[in-house]
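Close look at the chain arrangement
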Amino acid sequence: MMVERLQTFGDNQLCKQVLQALSEMGFEEPSPIQEEAIPLALEGLDIIGQAQTGTGKTAAFGIPIIEKANPKFQAVQALIVTPTRELAIQVAEEIAKIGKYRHVKLLPIYGGQPIDRQIRALRMGYQVVVGTPGRLLDHLNRGTLRLQRVKTVVLDEADEMLDMGFIDDIESLLKEVPAEGRQVMLFSATMPPGIRKLAQTYMTNPRSVSVSRDELTVPQIEQVFYETRESIKVDALCRIIDLEDIGQGIIFCRTKRGVDELVGALEARGYFAGALHGDLSQQQRDRVMKRFRDGKTELLIATDVAARGLDINNVTHVLNFDIPQDPVSYVHRIGRTGRVGRKGVAITLISPKEYRQLRLIENLIKTRIRRQELPSLADISERQAENLKNQLLKLIQSNRLGNYRAIVGELLEEYDSTDVAAAALKFAVEGVNAEERLEDKEQEGIHFQNTGAAEGMVRFFMNIGRVQQIRPQDIIRWIADESGIPGNIIGMINIYDKFTFVEVPTEYASRVLSCMHKAMIKGRRVNIEPAKAR
Ligand code: ADP
Ligand code: MG
């Protein structure tokens, strides 16, 4: 069956009440996924939708659900399953807006809310139920939720639900919906085997709707990265926050602990941020989200899992304090800003070792992320010093130094007071293993001085040469491919029997080194390192 795309909301497929609601919501024209999915869904076809966050998937399934619901019939006609409570609420709110004038009623059902209240609500007769798998199943088993009249089932963020181990619950729910005339719509950012299997078992001749990889990144998002060292990362972040005009920003960390540490470090510097991660109680999460939504906190610090799928309007900046391990997460993260029709900025901090991950992300989104220079390092260390001084002053003024004074007293009999104080400070900042850590730092900020290269260039040594039948064009293509720098900026190349020297511009040196580290050429693991000057 050929189904026309939906060119505009007004082209005769949608009823007046829905059009009125959409116009009040400020939806002027359908997003690409809506253009494709809405007509298919109106036909009752099964759909597999794949598109990044922020592309308007909710309305893509919500509009057809509202169109097809019968508000006079007091039974659940559509069931939407989402991985988290926040998403359930958000999806229910959005679709309730779409259904406002058709008087279709939506009920969100999720864990953490008193079950009695939900049981009473379910008796009221809602046409659409949106919920998390566990709680939905609970109601099903109690007999308080009946799915015999359900025509449409939506699995939103299906891959996420699978990751969270909800597969059995989802199957139990699907089995309760009469297969005759059942429409299943499945939305998922990725298509792991588990999802395919689910589709094979419960869907009939599903149509695929996707936003292709080329369109993966929302063009209104400005993407930049800063190279910084671990040791000054927090201060670098603060400088960036100060410089950028951040209305509301989400800062991503890799781990829950990272989130907590960063919140602490920012607070110590006078920045206020809310934390969002899986260890918080539902109440705490709600409070954090509310403060952020109301604009009371301007920074939200989150892990990927905690932030996934949340539609928070007006996010101006996404800051990747830790670069995501998985390139797909990058797309999810930056999808939090620049939502349909709005501008956004995505900023990523990377250490010199992380160019490889950056490169993988650039490959996925088919876009080069622009490098920006950090506000001067001198500025940052000055700021760091200022912070330290303030913290020390607070301690001195608190006047509760007790035992520590005695220790200092003894040391002062033998040592200079400035040295003692400086050592204490160093100990406080760098810890017991100060010396070892210093070595780490030196390795981390790789130094490229003195490789004997031309001005503005760094010379690399590679243990591959004429014996392996290497030609200059091989070297150029290899470096350009692996590190993503343009081939024409690579400088002098000297190939000897067993090794090769190649020069690249200094600003790309860390990138090349990191991307080529342990790379393979002609089936051989090749080592690359800064050359030693003669
Ligand atoms: P997804 O589920 O794909 O991540 P959402 O459905 O949460 O995306 O939509 C993201 C945002 O875009 C929401 O704030 C939504 O209200 C808005 N939106 C969706 N469709 C349109 C549209 N056609 N025009 C304007 N805004 C839209
Ligand atoms: Mg969504």
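Residues numbered from 1 in each chain as written. Chains lettered and ligands numbered in written order. Predicted model: local features only at pLDDT ≥ 70, side-chain atom pairs only at ≥ 80, totals over all residues. Heavy atoms only, no water.

**A look at the packing of helix α2 (residues 32-42) against helix α3 (residues 57-68)**
Interhelical geometry of α2 versus α3 gives an angle of 30° and a closest axis separation of 9 Å. Considering the angle they form, α2 stands roughly parallel to α3. In this structure, the crossing between α2 and α3 has a hand that is right-handed. Along its contact with α2, which presents I33, Q34, A37, I38, A41 and L42, the element α3 presents K57, A59, A60, I63, P64, E67 and K68. When grouped by side-chain class, the residues that make up the contact of α2 with α3 number 9 nonpolar, 1 polar and 3 charged. (Axes fitted to C-alpha atoms, helices over the stretch in contact; angles between N-to-C directions. Helix = DSSP H or I, 4+ residues; strand = E, 2+ residues; numbered from the N terminus. Parallel < 35°, antiparallel > 145°, perpendicular 65-115°, else oblique. Left-handed = near helix turned anticlockwise from the far one by under 90°. Contact = heavy atoms within 4.5 Å. Nonpolar A, V, L, I, M, F, W, Y, C, P; charged D, E, K, R; others polar.)

**Here we look at the confidence of the model for the chain**
In this model, the chain carries an average pLDDT of 86, and 92% of its residues clear a pLDDT of 70 or more. The low-confidence segment residues 436-444 (pLDDT under 50) makes 10 contacts with residues lying over four places distant or belonging to another chain. (pLDDT = per-residue confidence, 0-100.)

**Observations concerning the nonpolar core**
A general tendency of soluble globular proteins is for nonpolar side chains to be buried together. Core analysis: the biggest nonpolar cluster contains 39 residues, and V18, F61, I63, I80, V128 and V130 have the highest contact counts within it. By size, the runner-up hydrophobic cluster in this structure holds 34 residues, among which are Y126, L147, V184 and Y202. (Core = buried A, V, L, I, M, F, W, Y, C linked by side-chain atoms within 4.5 Å. Buried < 20%, exposed > 50% of the residue type's maximum accessible area, 1.4 Å probe, protein only.)

**Some words on the sheet that holds strand β7 (residues 207-210)**
Spatially, the 7 strands line up as an open sheet ordered β3-β4-β2-β5-β6-β1-β7, and their pairing is parallel. Strand pairing shows two members of the sheet lacking a second neighbour, β3 (106-109) and β7, which therefore form its edges. Taken pair by pair, the neighbouring strands of this sheet meet at an average axis angle of 15°, ignoring direction. Of the strand pairs in this sheet, strand β5 (residues 152-155) and strand β6 (residues 183-187) are connected by 4 bridges, and their pairing is parallel. Of the residues in β6, the one forming a bridge with L155 is L186. (Pairing = 2+ DSSP bridges.)

**Digging into α3**
Relative to the 16 Å expected for 12 residues at 1.5 Å per residue, α3 spans 17 Å between its end C-alpha atoms, a close match to the ideal helical length. With respect to burial, α3 is a largely interior element, 10 of its 12 residues being buried. Along α3, the residues that are buried comprise K57, A59, A60, F61, G62, I63, P64, I65, I66 and E67. (Expected span 1.5 Å × (residues − 1).)

**Some points on empty space enclosed by the protein**
Per the counting criterion, the structure on display carries 1 cavity of 30 Å³ or more. Estimated volume of the largest cavity: approximately 40 Å³. A51, T53, K57, D156, E157, F187, S188, A189 and H332 together form the lining of the largest cavity. Its residues assigned to classes, the lining of the largest cavity comprises 3 nonpolar, 3 polar and 3 charged. (1 Å grid on protein atoms, 1.4 Å probe; cavity = no way out; pocket = protein on both sides within 12 Å on 5 of 7 lines; lining within 4 Å. Points joined across faces, edges and corners; volume = space filled by probe spheres on them.)

**Section: the pattern of salt bridges**
A full pass over the atoms with the stated rule returns 23 salt bridges. E261 is the partner of R257 in a salt bridge, and the nearest nitrogen-oxygen pair spans 3.0 Å. Of this pair, R257 and E261 both sit in helix α11 (residues 256-268), 4 residues apart, which is roughly one turn of the helix. The exposure class assigned to R257 is exposed, which follows from its relative accessible area of 61%. Measuring nitrogen to oxygen at the nearest pair gives 3.7 Å for the salt bridge that ties E529 to K532. On the basis of relative accessibility, which here comes to 69%, the residue K532 falls in the exposed class. A single network of salt bridges, built from pairs that share partners, joins R5, E35 and E36. (Salt bridge = Lys/Arg side-chain N within 4 Å of Asp/Glu carboxyl O.)

**Side note on unusual backbone geometry**
Both trends apply: most residues other than glycine have a negative phi, and most peptide bonds are in trans. Within the chain, E157 stands out as a residue other than glycine whose phi angle is a positive 50°. Checked against the element boundaries, E157 lands in the loop between β5 and α7 (158-163). For E157, a relative accessible area of 9% gives the class buried.

**Some details on the packing of aromatic side chains**
Inspection of the entire model under this criterion finds 7 aromatic pairs. With a centroid separation of 5.8 Å and an interplanar angle of 90°, the aromatic rings of F225 and Y355 are classed as edge-to-face. Separated by 130 residues along the polypeptide, F225 in strand β8 (residues 221-227) and Y355 in helix α15 (residues 355-365) bring together distant segments of the chain. One exposure class covers both F225 and Y355, and it is buried. The aromatic ring of Y126 is capped on one face by K105, whose charged end is 5.3 Å from the ring centroid. Lying over the aromatic face of F321, K233 brings its terminal NZ or CZ to 4.6 Å of the ring centre. (Phe/Tyr/Trp six-rings, centres within 6.5 Å; stacked < 30°, edge-to-face > 60°. Lys NZ or Arg CZ within 6 Å of the ring centre and 35° of its normal.)

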